[in-house]
Amino acid sequence: MRVPLGHAPADLCLKGGLERGVLHEVFAAIGHEAAATGFTAGLAARVAARKRLLWIRQDFSALEFGELSATGLLEFGIDPARLLLLCVGDAADALRAANDALSCAALGAVVIEVTGKPKILDLMASRRLTLACAQKTVTAFLLRFNVEPEASTAETRWLVRAASSPPQAENWGHPVFEADLVRNRHGRTGEWVMEWSCDEGLFKETDRGAVVSAPSDRPAAAARQAASL
Amino acid sequence: MVVAKVDNALRLSAVDRKATSLGLAIGQPLANARAMLPALKVVAANEPDDAKLLTRIADWCDRFTPYVALDGPRGLLLDVTGAAHLFGGEQALLNRIRESLKAQGFAVRGAMAGTAIAARAFARYRDGTVIEPGEEAEMIAPLPVAALNLDAITTHAFRRAGLKTVGQVASRKRAEMTARFGAAMVAILDQALGHGTQPLSPRLPIPDYWKEQGFAEPIATEEVIRATLNSLAAALADVLEKRGEGARRLEAVFFRADGALRRIAIEMGVPTREPTVIERLFREKLDTLADPLDPGFGFDLIRLSASRVERATCEVADFDASINEKADISFLVDRLATRFGSQRILAFQPNDTHIPEAAWAAVPAQYVQPTKLMWKKLREPGDAPRRPLRLFTRPDPVTLLTALEGSQHLRWRKVQHAVAQCEGPERIAMEWWRHEAPQPARDYFRVEDGEGRRYWLYHAGVPPQWFLHGVFA
């Protein structure tokens, strides 16, 4: 079951949209944690439809990157009442809670926010998450801060950074992301500038011209793609 | 022989039987006692440890009745109304308590009577007796006045007046007594005579319902413990279902054969009575205990008690998917709360204020109450978000630098960011009625740097200081 993101080139690359009931990964470029948070929240909201979201974060992440704000979510176009927030001590607890929560079919999506590169988060852990998702078709998002993208069993892997608003725009400051799809298990990868529409609750193409073209035929992206496989 | 410092002098605070027979008494100065018996063996009193030991004995007594109250420094009061027949009658129960405690190495005195004060008097002067209802007045009459456990001045006054026994005191007119010693003393006297009752104030809250299972042979294996919990949960569910109620808090109490006791509680967001749910939550709790349940020589009694009982409406689950979904979510919340603690699984609630950090609260999801307040969007349709997605609980101080050519830089966490866009100010005044000292109003700015990162800054105070309060997506 695939859910269209709304951004046409990305949907084309994903063969119709983001798949439900699997594990997706979003890596934040260093210093772009808030952008990655927004991007993940957007993906999770799309995939969850009207169901509730569980956001698992580590205790210190509120100090380091800021607490997820209810008014911020509301402005972003996500009803804060839909969100459950779980604070845990370490990554091991986060994964245990996520595995537990993924068995609850009433949830739409589970976001696991992990900072750095904890030992416990290895191939085995991501395999376990993937299996847990598949049973009840709950989608898992692993949101990673302060770490380089690494191998896992995720369906897709995104590298996200904030993109500038168009210069001299009257109404600037919409959530715009430079999203780099570095791995896609069932299709091509790509790199796009995606804007989250807070009113419609979907991603769209930006008005500004600098949309990056499909990259699989460009040498740099091809090399990266080869590395990710 | 134990000694403690009272009124700046070392006085005897506890004496054993042999010391009593040699003429020593509680309250005597140590120097006097030493003068009488130079070979005295003295130990310093340790009140905190004594109190701890008494609580542990009270815990042990919990197996006979949940109404256990601490009485003074070395007494326990048990209300066994309606419980005695479970242990073969009042005399048998009293003997069992006394003998078990004696076997554990304690010096015990105990008695049973219609009122707590009478029971206390008989325990001191007629160890091991059970007073039939209505016989208190007759039985207590020959006891000395000290049996009433009144303060030293009153007892002394009685003795001066020639009233040596409780019977003599009781024979005086009540009005005289009240005029001389106050109504409180008369109330105590009446209770000692078996009139009127004063409820105990139990040490622990009394559960609404409880079921328990005792074992002739202590059990230690995990399967038997689980099976017992399940059958107790089913029995409790029957009671709750008949009354249309569910419990918000369940406590399993494990009484170990050697007297140790362990309480394990789970809490639920909605009133629950489903045995499968209860069983699952207990399993979760037992699996994640930091110090696991230690059966030792085995448990000889397991009790499951329900408290915070509320009316549980029975919803027809299968017809409406959204009800199922709600139940699933609340079960998940309970499970996560059982595992990680209820203050760790949170849900958002709006607050009626425009101060950014107070406009919402993350409250434990188990205790969320429906509110009338609505979430209100600040932006017009088509506008960019007006509030950041991530908010710092403590705003970070930042510095704004202006370069020679007029471009501005923002220095946050030791990194400089060039300011590309800026919008503001949005003035947010602090609510003067909330703070003793008025807080300065804040002027908020939305700022975007050269890389597209969007920040929410404010300046406040005199001279103005800049803070970074949040980051936009």
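Given the structure is predicted, the values throughout are model-derived calculations rather than measurements.

Rules behind the numbers
- All residue numbers here refer to positions counted from 1 along the written sequence of the relevant chain.
- Going through the entries in the order they are written, you letter the chains from A and number the ligands from 1.
- At least 70 in pLDDT is required for a residue's local features to be given in this predicted model, at least 80 for side-chain atom pairs to be given and counted, and no such filter applies to totals for whole chains, interfaces and linings, which use all residues.
- Exposed residues have 12 or fewer other C-beta atoms within 10 Å of their own C-beta, buried residues have 20 or more, and partly exposed residues fall in between, where C-beta atoms are placed from the backbone.
- Segments assigned H or I by DSSP are reported as helices when at least four residues long, segments assigned E as strands when at least two residues long, and all are numbered from the N terminus.
- DSSP bridges decide pairing: two strands pair if at least two such bridges lie between them.
- The start and end points of each domain follow an automatic or database-based domain assignment.
- Simply put, an axis is a line fit to the C-alpha atoms, just over the touching stretch for a helix, and the angle between two N-to-C directions goes from 0 to 180 degrees.
- In this description, any two residues whose backbone-derived C-beta atoms lie within 7 Å of each other are considered to be in contact.
- Angular relationships are summarised with four words: roughly parallel below 35 degrees, roughly antiparallel beyond 145, roughly perpendicular across 65 to 115, and oblique for the angles in between.
- Any residue that is not Ala, Val, Leu, Ile, Met, Phe, Trp, Tyr, Cys, Pro, Asp, Glu, Lys or Arg is counted as polar, Gly included; the first ten are nonpolar and the last four charged.
- In plain words, the nonpolar core is the set of buried Ala, Val, Leu, Ile, Met, Phe, Trp, Tyr and Cys residues that C-beta atoms within 7 Å link up.
- Take the far helix as the reference: if the near one is turned anticlockwise from it by less than a right angle, the crossing is left-handed, and if turned clockwise, right-handed.

**What to know about the pairing of strand β11 (residues 190-197) of chain A**
Residue and element names in this part refer to chain A.
Link 1 in the chain: For β11, the tally of buried residues reaches six of eight residues, placing the bulk of the element in the interior.
Link 2 in the chain: When strand β10 (residues 176-184) meets β11, the two strands line up antiparallel, connected through six bridges. Looking at β11, one finds that alanine 179 is bridged to tryptophan 192.
Link 3 in the chain: Turn length for the β10-β11 hairpin, with the two strands adjacent in sequence and antiparallel, is five residues.
Link 4 in the chain: The sheet contact formed by β11 and strand β12 (residues 202-205) spans four bridges and is antiparallel. Each residue of the ladder has a partner; that of methionine 194, found in β12, is glutamate 205.
Link 5 in the chain: Between the end of β11 and the start of β12, which pair antiparallel, lie four residues, with glycine 201 showing a positive phi angle near 70 degrees.

**Quick notes on the domain arrangement of chain B**
Link 1 in the chain: Taken as a whole, chain B is organised into domain 1 (2-45), domain 2 (48-192), domain 3 (209-339) and domain 4 (390-472).
Link 2 in the chain: For domain 1 of chain B versus domain 4 of chain B, the distance between C-alpha centres works out to 72 Å.

**A short note on the sheet that holds strand β8 (residues 261-272) of chain B**
Residues and elements named next belong to chain B.
Link 1 in the chain: Strands sit in the order β6-β9-β7-β8 across an open sheet of four strands; the sheet is antiparallel. In this open sheet, the two strands that pair with only one neighbour each are β6 (209-219) and β8. Shown here is a sheet whose adjacent strand axes are inclined to one another by a mean of 15 degrees, direction ignored.
Link 2 in the chain: Here β6 pairs with strand β9 (residues 299-311) via seven bridges, running antiparallel. Within the sheet, the bridge partner assigned to lysine 211 lies in β9 and is leucine 304.
Link 3 in the chain: In the packing of helix α11 (residues 222-243) onto the sheet, contacts are made with β6, β7 (245-256) and β9, and the angle to β6 comes to roughly 155 degrees.

**Some words on the packing of helix α9 (residues 174-181) of chain B against helix α10 (residues 183-192) of chain B**
Residue and element names in this part refer to chain B.
Link 1 in the chain: Following both chains from N to C, one finds α9 and α10 inclined at 130 degrees, their axes separated by 7 Å at the closest point. Accordingly, the angle class assigned to the pair α9 and α10 is oblique. Between α9 and α10, the contacting residues are Arg174, Met177, Thr178 and Phe181 on the first element and Ala183, Met185 and Val186 on the second.

**Focus: the pairing of strand β4 (residues 52-58) of chain A**
Residue and element names in this part refer to chain A.
Link 1 in the chain: The buried fraction of β4 is high, at seven of seven residues.
Link 2 in the chain: Residues Arg52, Leu54, Ile56 and Gln58 point to one face of β4 and Leu53, Trp55 and Arg57 to the other, with burial holding for every one of them.
Link 3 in the chain: One ladder, built from five bridges, connects β4 with strand β7 (residues 107-115); its direction is parallel. Looking at the pairing, tryptophan 55 lines up with valine 111 of β7.
Link 4 in the chain: In terms of strand pairing, β4 meets strand β6 (residues 83-88) through six bridges, oriented parallel. Pairing of tryptophan 55 across the sheet is with leucine 85, part of β6.

**A few points about the environment of phenylalanine 282 of chain B**
Residues and elements named next belong to chain B.
Link 1 in the chain: By the element assignment, phenylalanine 282 lies in helix α12 (residues 275-288).
Link 2 in the chain: Separated by 193 residues in the primary sequence, phenylalanine 282 and glycine 89 have C-alpha atoms spaced 34 Å apart.
Link 3 in the chain: Not counting residues within four places of it along the chain, the set of residues in contact with phenylalanine 282 comprises Leu229, Ala252 and Ile266.

**Describing the interface of chain B and chain A**
Link 1 in the chain: Across the contact, 47 residues belong to chain B and 47 residues belong to chain A.
Link 2 in the chain: Tallying contributions element by element places helix α13 (residues 321-340) of chain B first for the side of chain B that touches chain A, with eight residues.
Link 3 in the chain: Here the residues of the side of chain B that touches chain A sort into 27 nonpolar, five polar and 15 charged.
Link 4 in the chain: The pairing of strand β5 (residues 67-68) of chain A with strand β12 (residues 390-402) of chain B spans two bridges and is classified as antiparallel. Bridging across to β12 of chain B, leucine 68 of chain A finds its partner in arginine 390 of chain B.

**A short note on the nonpolar core**
Note on soluble globular proteins: their nonpolar side chains tend to be buried together.
Link 1 in the chain: The biggest cluster of nonpolar side chains holds 134 residues, and the ones touching the most others in it are Ile56, Leu84, Ala98, Val110 and Ala140 of chain A.
Link 2 in the chain: Per-element tally for this core: the top contributor is helix α2 (residues 33-48) of chain A, with 10 residues.
Link 3 in the chain: When we break this core down by domain, the ones giving at least three residues each are domain 3 (209-339) and domain 4 (390-472) of chain B.
Link 4 in the chain: Apart from residues no more than four positions distant in its own chain, isoleucine 56 of chain A is found in contact with Leu86, Val88, Ala94, Ala97, Ala98, Val110, Val111, Ile112 and Glu113 of chain A.
Link 5 in the chain: The next biggest cluster of nonpolar side chains, apart from the first, holds 36 residues, and it includes Ile97, Ala111, Phe158 and Leu193 of chain B.

**Things to note about the sheet that holds β11 of chain A**
Link 1 in the chain: The mixed open sheet is built from 11 strands, whose spatial order is β12(A)-β11(A)-β10(A)-β9(A)-β3(A)-β8(A)-β7(A)-β4(A)-β6(A)-β10(B)-β11(B). Lying at the two open borders of the sheet, with one neighbouring strand each, are β12 of chain A together with β11 (360-364) of chain B. Averaged over all pairs of adjacent strands, the angle between strand axes in this sheet comes to 30 degrees, irrespective of strand direction.
Link 2 in the chain: With respect to the sheet, α2 of chain A is in contact with β3 (23-28), β4, β7, β8 (139-145), β9 (156-162), β10, β11 and β12 of chain A, its orientation differing from that of β8 of chain A by roughly 180 degrees.

**Here's the deal with the packing of helix α5 (residues 91-101) of chain A against helix α6 (residues 123-136) of chain A**
Residues and elements named next belong to chain A.
Link 1 in the chain: Running from N to C, α5 and α6 cross one another at 20 degrees; their axes reach a closest spacing of 9 Å. Judged on the interaxial angle alone, α6 and α5 are roughly parallel. When the axes of α5 and α6 are compared, the crossing they make is left-handed. Residues Leu95, Ala98 and Asn99 of α5 form the contact with α6, whose participating residues are Ala125, Arg128, Leu129 and Ala132.
Link 2 in the chain: Its residues assigned to classes, the contact of α5 with α6 comprises five nonpolar, one polar and one charged.

**Section: unusual backbone geometry**
Residue and element names in this part refer to chain B.
Link 1 in the chain: A cis geometry characterises the amide bond from valine 462 onward to proline 463, with omega recorded as -10 degrees.
Link 2 in the chain: In this structure, proline 463 sits in the loop between β16 (454-460) and β17 (465-472).
Link 3 in the chain: Although it is not a glycine, arginine 308 sits at a positive phi angle of roughly 50 degrees.
Link 4 in the chain: You can see arginine 308 is positioned in strand β9.
Link 5 in the chain: Residue arginine 308 is classed as partly exposed on the basis of its C-beta count, with 15 C-beta atoms lying within 10 Å.
Link 6 in the chain: Its identity as a non-glycine residue notwithstanding, arginine 413 has a phi of 50 degrees, on the positive side.
Link 7 in the chain: Of note, arginine 413 is situated in the loop between β13 (408-412) and β14 (415-428).

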